[in-house]
Amino acid sequence: MKATVDPDLCTACELCTETCPEVFEMGEDIAIVKVDPVPPEAEEAARQAAEDCPAEAIIIET
Ligand code: SF4
């Protein structure tokens, strides 16, 4: 599974870094994905982060 953050949509609210710190961290201006692929044990949290993202900026590809 691959996760990406759309830099044009992310509002840097930091929610994803709280929901799934294994995958998301704050970059200079926006959240960034620090692992590719997403480790299996973090997939559920990554999906949750994508669902919860208020800007719908997280793209999940399987
Ligand atoms: S939850 Fe969405 S808007 Fe908030 S920091 Fe993460 S990717 Fe950006």
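Since the structure is predicted, the reported quantities are computational estimates derived from the model, not experimental observations. (Residues numbered from 1 in each chain as written. Predicted model: local features only at pLDDT ≥ 70, side-chain atom pairs only at ≥ 80, totals over all residues. Heavy atoms only, no water.)

Asks: Help me understand unusual backbone geometry, please; the structure alone is not making it clear to me.
Replies: Negative phi is the rule for most residues except glycine; trans is the rule for most peptide bonds. The step from aspartate 36 to proline 37 runs through a cis peptide bond, and the omega angle for that step is 5°. In this structure, alanine 12 takes a positive phi of about 60° despite not being glycine. Note that alanine 12 resides in the loop between β1 (2-5) and α1 (15-19). Of note in this structure, glutamate 14 is not a glycine but carries a positive phi near 75°. (Helix = DSSP H or I, 4+ residues; strand = E, 2+ residues; numbered from the N terminus.)

Asks: What is the right way to look at the nonpolar core in this model?
Replies: Across soluble globular proteins, nonpolar side chains show a tendency to be buried alongside one another. Formed by 17 residues in total, the largest nonpolar core has its most connected members in Cys20, Val23, Phe24, Val38, Ala46 and Ile58. When residues in this core are grouped by element, the largest group, three residues, is from helix α2 (residues 43-52). Residues within four places of valine 23 in sequence aside, it is in contact with Ala3, Ile32, Val33, Lys34, Val35, Val38, Ala42 and Ala46. (Core = buried A, V, L, I, M, F, W, Y, C linked by side-chain atoms within 4.5 Å. Buried < 20%, exposed > 50% of the residue type's maximum accessible area, 1.4 Å probe, protein only. Contact = heavy atoms within 4.5 Å.)

Nothing here speaks to function; it is all geometry.
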